[in-house]
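The chain contents come next:
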Amino acid sequence: MVIRSAAGKPLFGDVIQRKRYFYAMLMILLMIGVAEWLGEKEIIFPEMAALTIGMWIVDKRVWQVRRLLVVVLMTLGAAAGVCIVRYSPLPLIGNLALAFSCAAIGLTLTRSTLVPLVSACMLPVLLGTESWVYPLAVLVMSLIVICGQWWMERKELRTMVEFVPAERGRGERLQRWSLLLVSMLAVAWLAIYTTNLYFILPPLIVAYVEFANSKAGFRDRPVQVLLVLFVAAILGVTFQFIGHYYFGIPEFIVAFMIFVCLFTLFEFLGKFFAPAGAVALIPMIIPREGLLWLPLQVLVGAAMFIGLAMICFQRCLAWPRAQLIVCLIPPFIRDLRKRI
């Protein structure tokens, strides 16, 4: 029996795509395995899974950025986050604003759209990471990712990508980033006030920025993206809690099981959303006591951010009613109905 996607295609039917999945899985397992072997949780950078998905698996340009800039921006962003935690006297919401601003300035000055930089800056602030192991790990893993992408292009495992500067001028981009900052801080204030900090997980903020700025197809499927983020959180929590904490399975095997399921979900939907990979790894770096509530907080946080992006930046309320209705029905449901 051949298992097919929502569009009717066989799952994992493309040989080259299977190779891309394989190499991405190796990268993720390498990161988790080294972190577990050395006993250094700071080595686990969830957004690296998103980078691997976007730069290795997806066969097109996801972010407009020069290859070397990936390493420079991600490393400096990680270092900036650690410096904020170590030296800033501001309260948490002020430090979050500072970290977000650092990422915004870096992307504006370089005319890049490498939105995972936001997570590199904000993750240590949210988790209180002070160790320099974190930026060092980000440096090494970023190098591996760009070298891997270069090698895959030479082996014709993916299409070669070229850097195209962002279209908007710096002034317009700074204005847009300012609006994103203010709205992000409103959600952050709610998260801190209600002590639900996982509303503002950095991968969710990355998803917010992607939705606000992008003209990509996923802005027309917000409900599906919301569900994918929720399912990614459930997968991460379930395998981490039951597999690692209950049965004592090593975390690199847990990560393998998580991403087998997540990659299968991507194949079934026929669409990728890189921040989901980061969300799936979050359970490995947060305290055990906060684990069970994580999926619900991801669902609520993602709903707030995606809703804000669609209303304030995509102006969805001005869309024709038919487009709105289609937007609210996940494509996989529409595809299944067509087949029935």
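Note that the coordinates shown come from a computational prediction; the quantities given were computed from them, not determined experimentally. (Residues numbered from 1 in each chain as written. Predicted model: local features only at pLDDT ≥ 70, side-chain atom pairs only at ≥ 80, totals over all residues. Heavy atoms only, no water.)

Caption draft 1: Summary view of helix α12 (residues 294-313). Across its 20 residues, α12 extends 27 Å between first and last C-alpha, which sits within 8% of the 28 Å expected from 1.5 Å per residue. Those residues of α12 that fall on the buried side of the exposure criterion are Leu294, Pro295, Gln297, Val298, Gly301, Ala302, Phe305, Ile306, Ala309, Met310 and Phe313. Note on α12: the residue one or two positions beyond its end, arginine 315, has a positive phi of about 55°. (Helix = DSSP H or I, 4+ residues; strand = E, 2+ residues; numbered from the N terminus. Expected span 1.5 Å × (residues − 1). Buried < 20%, exposed > 50% of the residue type's maximum accessible area, 1.4 Å probe, protein only.)

Caption draft 2: Representation of the packing of aromatic side chains within the structure. Summed over the entire model, instances satisfying the criterion amount to 15 aromatic pairs. Residues tyrosine 23 and tryptophan 151 carry aromatic rings whose centres are separated by 5.4 Å and whose planes lie at 90° to one another, so their mutual orientation is edge-to-face. Placement of tyrosine 23 in helix α1 (residues 15-38) and of tryptophan 151 in helix α6 (residues 133-154) is noted, with a sequence separation of 128 residues between them. An aromatic cluster is built from Tyr21, Phe259, Phe263, Phe266 and Phe272, whose rings are joined through pairwise contacts. (Phe/Tyr/Trp six-rings, centres within 6.5 Å; stacked < 30°, edge-to-face > 60°.)

Caption draft 3: Representation of the nonpolar core. Counting 117 residues, the largest nonpolar core has Phe100, Ile200, Leu229, Phe259 and Phe263 as its most contacted members. Beyond its immediate chain neighbours, meaning those up to four positions away, phenylalanine 100 contacts Val118, Met122, Trp177, Leu180, Leu181, Met184, Ile205 and Val209. (Core = buried A, V, L, I, M, F, W, Y, C linked by side-chain atoms within 4.5 Å. Contact = heavy atoms within 4.5 Å.)

Caption draft 4: Highlighting a nonpolar patch on the surface. Taken together, Leu30, Leu136, Val140 and Ile144 make up a surface patch of nonpolar side chains, about 330 Å² in accessible area. At three residues, the largest contribution of residues to the nonpolar patch is made by α6. Summarising the element assignment, leucine 30 is placed in helix α1. Of the residues examined, leucine 30 reaches a relative accessible area of 43% and is grouped as partly exposed. (Patch = residues over 30% accessible without salt bridge, like charges linked within 9 Å, V, L, I, M, F, W, Y side chains within 5 Å. Areas by Shrake-Rupley, 256 points an atom, 1.4 Å probe, with all protein chains shown as cover. Salt bridge = Lys/Arg side-chain N within 4 Å of Asp/Glu carboxyl O.)

Caption draft 5: Region of interest: empty space enclosed by the protein. What the rule picks out here adds up to one cavity of 30 Å³ or more. For the largest cavity, the full set of lining residues is Arg221, Gln224, Val225, Val228, Phe266, Leu269, Lys271, Phe272 and Phe273. Looking at the lining of the largest cavity, the elements with two or more residues in it are α9 (222-246) and α10 (251-269). Of the residues forming the lining of the largest cavity, the biggest block, three residues, is contributed by α9. When the residues that make up the lining of the largest cavity are grouped by side-chain class, the tally is six nonpolar, one polar and two charged. (1 Å grid on protein atoms, 1.4 Å probe; cavity = no way out; pocket = protein on both sides within 12 Å on 5 of 7 lines; lining within 4 Å. Points joined across faces, edges and corners; volume = space filled by probe spheres on them. Nonpolar A, V, L, I, M, F, W, Y, C, P; charged D, E, K, R; others polar.)

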